[in-house]
Amino acid sequence: MYDLAEHSEAVTGLHMEPFPQQPSSSEIKYYILATTPKRIYQFIGSVAKGETPQFVQLFAMYNPGTVQFLEIPGTLRESQLQLWPAKPNTTPLSFAWLTG
């Protein structure tokens, strides 16, 4: 789908969530958070409604080397992504990324 090969670190966190949607829309907008030990990436895009989410279209909007990210240098080889909803089974309202 999307290759983070320019920065060869393991993916340590991955979360996908749909945005609230309009009933008349033919697409569903998603955000995806991905973390490595030193970087956090955010992807936003839409997929066709009524299909099993296939994120090829979403990731196709991002050219290799042009994806924006936040990098916090460190020596740890691990990090952790955590999201918190206000109530169980609802859209998360906040997140934390624990890294070195």
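Residue positions are given per chain, counting from 1 as you read along its sequence in written order. Totals for whole chains, interfaces and linings use every residue, but because this is a predicted model, local features are given only for residues with pLDDT of at least 70 and side-chain atom pairs only at 80 or more, for both listing and counting. Excluded from the side-chain calculations are hydrogens and water; all other atoms, namely the structure's heavy atoms, are used.

The protein goes by Vacuolar protein sorting-associated protein 18 homolog in an unreviewed UniProt entry, where it is assigned to Geodia barretti.

Numbering of helices and strands runs from the N terminus; a helix is a DSSP stretch of H or I covering at least four residues, while a strand is a stretch of E covering at least two. Within the protein one finds one helix and six strands. Traced from its N-terminal end to its C-terminal end, the protein shows the element sequence β-β-β-α-β-β-β. Classification of residues uses two cut-offs on accessible area relative to the type maximum, computed with a 1.4 Å probe and protein chains only: under 20% is buried, over 50% is exposed, and between them is partly exposed. Across the 100 residues of the protein, 32% fall into the buried class. The long-range share in the protein, meaning contacts at least 24 apart out of those at least 6 apart in sequence, stands at 49%. About 6,900 Å² of surface is accessible on the protein, with carbon and sulfur atoms providing 54% of the total. Positive charges come from Lys and Arg alone, negative charges from Asp and Glu alone, with His and the N- and C-terminal ends not counted. To locate a charge, the coordinates of NZ of Lys, CZ of Arg, CG of Asp or CD of Glu are taken. Across the protein, the 6 positively charged side chains and the 8 negatively charged ones have centroids separated by 7 Å. Any two residues whose heavy atoms approach within 4.5 Å at even a single point are treated as in contact. Accessibility throughout is a Shrake-Rupley quantity obtained with a 1.4 Å probe, and a residue counts as covered only by protein chains that appear here.

Here we come to the nonpolar core. Among the nonpolar cores identified, the biggest contains twelve residues, and these are Ile28, Tyr30, Ile32, Ala34, Tyr41, Phe43, Val47, Phe55, Leu58, Phe59, Tyr62 and Val67. Those elements that place two or more of their residues in this core are strand E2 (27–35), strand E3 (39–48) and helix H1 (56–60). Looking at this core, the element that brings in the most residues is E2, giving four residues. Setting aside residues up to four positions removed in sequence, Ala34 forms contacts with Gly13, Leu14, Arg39, Ile40, Tyr41 and Phe43. Within the second largest apolar cluster, six residues are counted, among which are Tyr31, Leu33, Leu81 and Leu83. Here the nonpolar core consists of buried residues drawn from Ala, Val, Leu, Ile, Met, Phe, Trp, Tyr and Cys, with membership extended through side-chain atoms lying within 4.5 Å.

In this section: the pattern of salt bridges. Only one rule defines a salt bridge in this text: a Lys or Arg side-chain nitrogen within 4 Å of an Asp or Glu carboxyl oxygen. Under the defined criterion, the tally for this structure stands at one salt bridge. Glu71 serves as the salt-bridge partner of Arg39, at 3.6 Å between the closest nitrogen and oxygen. Here Glu71 lies in strand E4 (residues 69–71) and Arg39 lies in strand E3, a separation of 32 residues in the sequence.

Here we come to the pairing of E2. Of all nine residues that make up E2, seven are buried, and the element is covered over most of its length. When strand E1 (residues 13–18) meets E2, the two strands line up antiparallel, connected through six bridges. Residue His15 lies in a different strand from E2, and its bridge partner there is Leu33. Pairs of strands are assigned from DSSP output, requiring at least two bridges between the strands. Of the pairings in the sheet, the one linking E2 to E3 comprises nine bridges and is antiparallel in character. Its bridge partner lying in E3, Thr35 is registered against Ile40.

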